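Chain residues, written in single-letter form:
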Amino acid sequence: MKETIFYRLLAIVLFGVATQTRQLTGTLIVHGSITGSSPFSFTVPVTAKVFDRATGTLYVGLDANGGEFALSKINRCASIPLKFSAIALTTATPPLTDSKINFLTLATKEGNPSPLLAVASASFIQQVFALTTDGETQQTSGTLNDAGGTVNSDGADTAGVVGLAASYNEIFAAVLPAGGGTFGDLDSGIAVVCINRDKSCPPKLVGLTQTAAQAGDMGIKAKRLDSTIDEIKITGDSDPTIIGSNPVVLYWDDPLQRLYTGFTITTIESAKAVVVGRVITNAMQTCTGTLEFSTIAADGAITPEPIPADLREIIVGDVSPVSTAFTLQVNQMKVMHASTGPSYLIINGGNQINGMENTSMNKIFALPLVDLRDNDGEVAPADEAIHGTLAKKDAPLTNFKFTIPAATPGDLPQDPTIAPAGTDYFALVGDSPLPIDPTNQPSDMVVVGDTVYVSFNIPQDNTNETGIIYSQALFDETGKIIGWTPWAKRAFPFIAFASCMNPCRVKFFDVDAVTGNIWAVAGDTGRTVAVNTWDQGSNCSACTANTDQVSLVKRLNKYFCCGCYSVLDLDAFTRGFSGATADRYALFGSNNKIAFTRISTSRDGTASLAPQTVYTDFSEPENFFLSTLPEHAGCVTSLEYSRQGTPVATLPVTFTDQPNYFFAGTQTGLYVFAQPNGSGFPQSSLTTLDLPPFSNGVWFKAENIVGSITSVKTIGNNLYVLASNSSKTEPLKSRLYSIPFAATVNSMFPVGTTPTIIAETNVGPSFASTAYFSAIQIISTSDQNDTEQVILATNNGLFGSHTVSGVQTAADQLAAAWSIISTTDGVFYTKIAGIDPFFNPTFAASAIQNPTTSWPTSIEDQRFLKTFDRSAIHQLNGTQDAGPFNFVPANFNALSDNPIFRTLLPTNHFWTDGARRFFIGRRPQDPASVNRLISFPYNVREWNIINPDQFTLLDDTLNTVSAFYWVKQIGASGILMTGTNHGVLGLE
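Keep in mind that this is a model prediction, so the values were computed, not measured.

Our focus in this paragraph is the overall build of the chain. Counting secondary structure elements, the chain contains four helices and 66 strands. Over its C-alpha atoms the chain spans a radius of gyration of 28 Å, differing by no more than 12% from the 30 Å that the globule rule assigns to 988 residues. Reported as C-alpha extents along the three principal axes, the dimensions of the chain are approximately 95 × 65 × 60 Å. Within the chain, buried positions represent 63% of all 988 residues. Residue pairs at least 24 apart in sequence account for 60% of intrachain contacts in the chain once pairs closer than 6 positions are excluded. Here the chain has roughly 32,300 Å² of accessible surface; of this, 53% comes from carbon and sulfur atoms. Put simply, the chain has 59 plus and 86 minus side-chain charges, and the middle of one group is 8 Å from the middle of the other.

Below, the structure is given as structure tokens:
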């Protein structure tokens, strides 16, 4: 009982922000050394940050003269008003209070609620520091030694620390040689500093000690990492040169127990821009400080190329015969442990085309890693050297992990953007380069769950985006990444800081997957820290001279006070938009009403990849249009757009004009938005909402479809309509219709005819014992979106079509080739969440153009009492053809063996961006008409979550409603919205 009360209070504190002054849309400024009405948090810029997932605490380090706020923290449970706590000791020796914090990281392990902070500062560039997170205990390493000196002698004093990472037991510092220069010069390396703790409970920090990092050498020195070591070149080749790598990219991965070091390297022969490190431990599993390196990829795996322009293997290269110099670059680096099991090295950087620097800074890659951990997380001694290195890209998974290292040419992923275009699209995060010039790079990169987020601290123009965007991994039936969603949706409000110019740049950020909130540091001054929060809509008077602007959330709530039941987001990658219209839209459905909203416009006028100008004033008729359905149409529970347009096979891909429609499903039937004469409108006619086809559009009823509409889906081939109906002569019937598109409403839905039925309840052979269809999702498509398969949720299992030529060709139920998906027989599935259909215009032959991953929801019996009062979320992955479709992982409720995660509260809606997960569910103590918004991530171990039922989001804003219907990220606005019985709420 006490635990439940604690979590309820925690949730109220987390989201109870109504009493704090909101800036712009809904973001809250977090006060630091500056308080009051100032738009700034600190007197000096933030220079470093780290987020502790186990405790939900954001730590920041400041520039010089930050005082006691030089190190500061804010917890997700902080009281209102939000304010950083200063944790830089004024009594410490030496003090960090007025020194610039160059590097800041955590010395911790997965799920540990008591981490330490590891710090490197500008005033003490030869040392590293460790602090307790309350700032009450601080230890320093003293001056670190470089990697030089004879065997068994100490190294010389380093000229400075240029990179930092930490494990629970060690701090790893990239150190310059004593004579200075850049990392990579002779005698630079990785210093290992043991974190000394006493034997108290919990153990206390008592000191830091640099170790003898080189095996067989008792001298206190760093592990050598310069141009002489074998791990950065092919054996026998001349020495490459590491250039411009101050700072060095260091990343410690706790699950793999590996240290990854990335840098910029140039050579005329061969190079490897990442080195893998492992710490040799003793029998007591305590720090010994000996560091061993492994080559990121075996020499034999690197494909020799005649000229640098042909190098495509991303972070490794071999030019043979010797030619002009080439450069490999690693700017940022993380490790992703996918929900399906395999691990990937996430790299920002890659191959510098034609030997030119800064031509791959706008690319992010996912490279498969060898994972040889057993069930206890141990690695056999014989496997230590290859564990954590690059895996053979097309090898089958063993226990859902890559276990075969790359060994021969063709084993390593290749950059598909380098001509001639390749096929390793799984390796290119976002399925295209970032929407910035290749000479720029992200300001920050965060990997959470199955998602890569990036931020930009550059002014927006026609070629450079700003703010925060993300890409989500898609999986095949075995659990491998098969593709990525495009870099499209922002995760943070487009206008977020009162201190910045519109739109806002972001210097640092992090994602709290427990609450769904995002912390961000403004990029213009670096002095403002903000967090987004739920609101009911606010004007943008703080961000513009026009105080009459009306936000999207507020405008919708003016008309939808009785409920918003559905949403349709048509973002930058909507099929048919490319080359036809510059505008992007979102539709919202209520009772007999549908609001059309114009969210953004492509800055270059056409291309989907171009940066977006986001609209903030929805009082303008060009941005907001309220349409009314025919009388008694009822509540709009589903929305869709036809996504018509034949792709033209040029790069970038454009589309020819074809007739298009909007569709609305209600309990009384299907309605079609078309031109007054009933014809469809070409996508090129979609402009502002005060002009046709919006202003003169008419809603027609599709008279030949009978019943209540459950779902409407398309990716641009056929329209799939799921309807249910009952009558005096016929019991409840569910039917799935497949309808080809036509030039007019009458020709598409001819009166007096019955559309093609490809699934019907109580009709054999597939559905003879099935009484109800509840949801559909398009899951599997081939190249260019020309075939597709449908997943169908029923009261008697989950079914998939397996039509070899695509289910859109099926003329009846038999031709659809339905078969039940393994392990689902007899289970009632109520919903199927999915990713919006997309079309990436970058590659004419991209392997995956639509989602292969979806999330069915089932009804579960928690205690085997036949009450069936619980739910479970499953992750279903498909292929680009007719199957198979598999559940990977087996339990998507949570990464946990705890039986409390076997089922969830009764859930009727689920949304995820691959990292944040929102559930709409009902608690036992609430009336049947009341449901709640719930949030928690998949990896509950990492985030230290014990019970999912206790993560209901409660605050003054969310408590104003009793029913939630949907959750959705809305286009480029950066707003996560939810539909409720009183309109909409926005996480702004």
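A few words on the nonpolar core. Counting 77 residues, the largest nonpolar core has Phe 84, Tyr 453, Phe 497, Phe 509, Trp 534 and Leu 933 as its most contacted members. For this core, the element with the most residues is strand S32 (residues 518-522), which contributes five residues. Not counting chain neighbours up to four residues away, the residues in contact with Phe 84 comprise Val 30, His 31, Gly 32, Phe 42, Leu 58, Val 60, Phe 69, Ser 72, Lys 73, Ile 74 and Val 529. Residues Ile 265, Ile 314, Leu 369 and Leu 412 belong to the second largest nonpolar core, which totals 54 residues.

Note on placement: Thr 753 falls in the loop between helix H3 (745-748) and strand S51 (756-760). Sequence-wise, Thr 753 and Ile 705 are 48 residues apart; in three dimensions their C-alpha atoms are separated by 9.0 Å. In terms of polar contacts, Thr 753 uses its side chain to reach the backbone carbonyl oxygen of Pro 750, at 2.7 Å.

Attention shifts here to the packing of aromatic side chains. Taken as a whole and assessed by the stated rule, the structure comprises 38 aromatic pairs. On the basis of an interplanar angle of 50° and a centroid distance of 5.3 Å, the ring pair of Tyr 585 and Phe 694 is categorised as tilted. Here Phe 694 lies in the loop between strand S46 (681-682) and strand S47 (698-701) and Tyr 585 lies in strand S36 (residues 583-589), a separation of 109 residues in the sequence. Per residue, the accessibility class of Tyr 585 equals that of Phe 694, and both read buried. With centroids separated by 6.1 Å and ring planes inclined at 50°, the aromatic side chains of Tyr 661 and Phe 663 adopt a geometry described as tilted. Across the pair, Phe 663 and Tyr 661 agree in class, each one buried. Taken together, the ring pairs in this structure connect Phe 577, Tyr 585, Phe 596, Phe 625, Tyr 641, Phe 662, Phe 673, Phe 681, Phe 694 and Trp 699 into an aromatic cluster. Positioned above the aromatic ring of Tyr 168 is the side chain of Lys 109, whose terminal nitrogen or guanidinium carbon lies 4.3 Å from the ring centre. Positioned above the aromatic ring of Tyr 168, the side-chain terminus of Arg 197 is 3.9 Å from the ring centre.

What follows covers the pairing of strand S40 (residues 636-641). The element S40 is largely enclosed, with a buried count of five among its six residues. In this structure, S40 lies alongside strand S44 (residues 662-666), joined through five bridges in antiparallel fashion. What sits directly across from Ser 638, in S44, is Gly 665.

Overall, the coordinates contain 26 salt bridges when judged by the stated rule. Residues Lys 363 and Asp 415 are paired through a salt bridge, measuring 2.9 Å at the closest nitrogen-oxygen approach. Taken together, the residues Lys 363 in the loop between strand S25 (343-352) and strand S26 (364-369) and Asp 415 in the loop between S26 and strand S27 (444-448) connect sequence positions 52 residues apart. Of the residues examined, Lys 363 reaches a relative accessible area of 5% and is grouped as buried. For the salt bridge of Lys 392 with Asp 394, the shortest nitrogen-to-oxygen distance reads 3.3 Å. For Lys 392, a relative accessible area of 23% translates into the label partly exposed. Put simply, Lys 49, Asp 444 and Asp 510 are held in one network by salt bridges that share partners.

Looking now at the side chain of Thr 574. Along the chain, Thr 574 turns up in the loop between strand S35 (566-570) and S36. The residues touching Thr 574, leaving out its near neighbours within four places in the chain, are Tyr 641 and Arg 643.

This part is about the sheet that holds strand S7 (residues 116-121). In spatial order, the strands read S6-S7-S8-S9; together these four strands make up an open sheet with antiparallel pairing. In the strand order of this sheet, the two ends are held by strand S6 (101-107) and strand S9 (138-140), each with one partner. The average undirected angle you get between the axes of adjacent strands in this sheet is 25°. Taken together, the four bridges between S7 and strand S8 (residues 129-132) define a ladder with antiparallel strand orientation. Looking at the pairing, Leu 116 lines up with Thr 132 of S8.

Another point: the side chain of Asp 424. By the element assignment, Asp 424 lies in the loop between S26 and S27. A distance of 2.8 Å separates a polar atom in the side chain of Asp 424 from a polar atom in the side chain of Lys 393. Residues within four places of Asp 424 in sequence aside, it is in contact with Lys 393, Leu 412, Pro 413, Gln 414 and Pro 416.

Take the environment of Ser 724 next. Along the polypeptide, Ser 724 turns up in strand S49 (residues 718-725). When the C-alpha positions of Ser 724 and Thr 761 are compared, they lie 9.6 Å apart, and in sequence the two are 37 residues distant. When sequence neighbours within four positions are dropped, the list of residues in contact with Ser 724 reads Gly 707, Ser 708, Thr 710, Leu 732, Lys 733, Ser 734, Tyr 772 and Phe 773.

This brings us to the state of the cysteines. In this structure the tally under the stated criterion is zero disulfides. Not part of a disulfide, Cys 561 finds its nearest cysteine sulfur in Cys 562, a span of 4.1 Å. Given the relative accessible area of 45%, Cys 561 is considered partly exposed. A disulfide-free cysteine, Cys 635 has its sulfur positioned 9.5 Å from the sulfur of Cys 562, the nearest such atom.

Burial runs high along strand S2 (residues 46-52): seven of the seven residues are buried. Pairing between S2 and strand S3 (residues 57-62): six bridges, direction antiparallel. Bridging across to S3, Ala 48 finds its partner in Gly 61.

Let's shift gears to the confidence of the model for the chain. Scored by pLDDT, the chain has a mean of 89; 92% of the residues are at 70 or more. Throughout residues 1-24 the model reports pLDDT below 50, and contacts reaching past four residues in sequence, or to other chains, amount to 54 contacts. In this model, residues 539-546 is a region of pLDDT below 50 whose contacts with residues beyond four sequence positions or in other chains number 15 contacts.

A few words on the sheet that holds strand S22 (residues 304-305). Strand order in the open sheet formed by three strands is S19-S23-S22, with mixed pairing between adjacent strands. Edge positions in the sheet fall to strand S19 (270-272) and S22, since each of these pairs with one other strand and no more. Where S19 lies against strand S23 (residues 316-319), three bridges are found, and the strand directions are antiparallel. Residue pairing for S23: Ser 270 is matched across the bridge by Asp 318.

Reading the values: rules and limits
- Residues numbered from 1 in each chain as written.
- Predicted model: local features only at pLDDT ≥ 70, side-chain atom pairs only at ≥ 80, totals over all residues.
- Heavy atoms only, no water.
- Helix = DSSP H or I, 4+ residues; strand = E, 2+ residues; numbered from the N terminus.
- Rg over C-alpha atoms; globule rule 2.2 N^0.38 Å.
- Buried < 20%, exposed > 50% of the residue type's maximum accessible area, 1.4 Å probe, protein only.
- Contact = heavy atoms within 4.5 Å.
- Areas by Shrake-Rupley, 256 points an atom, 1.4 Å probe, with all protein chains shown as cover.
- Lys, Arg positive; Asp, Glu negative; His and termini not counted.
- Charge placed at Lys NZ, Arg CZ, Asp CG, Glu CD.
- Core = buried A, V, L, I, M, F, W, Y, C linked by side-chain atoms within 4.5 Å.
- Polar contact = N/O pair within 3.5 Å; in protein donor to acceptor, adjacent residues only side chain to side chain.
- Phe/Tyr/Trp six-rings, centres within 6.5 Å; stacked < 30°, edge-to-face > 60°.
- Lys NZ or Arg CZ within 6 Å of the ring centre and 35° of its normal.
- Pairing = 2+ DSSP bridges.
- Salt bridge = Lys/Arg side-chain N within 4 Å of Asp/Glu carboxyl O.
- Axes fitted to C-alpha atoms, helices over the stretch in contact; angles between N-to-C directions.
- Disulfide = S-S within 2.5 Å.
- pLDDT = per-residue confidence, 0-100.

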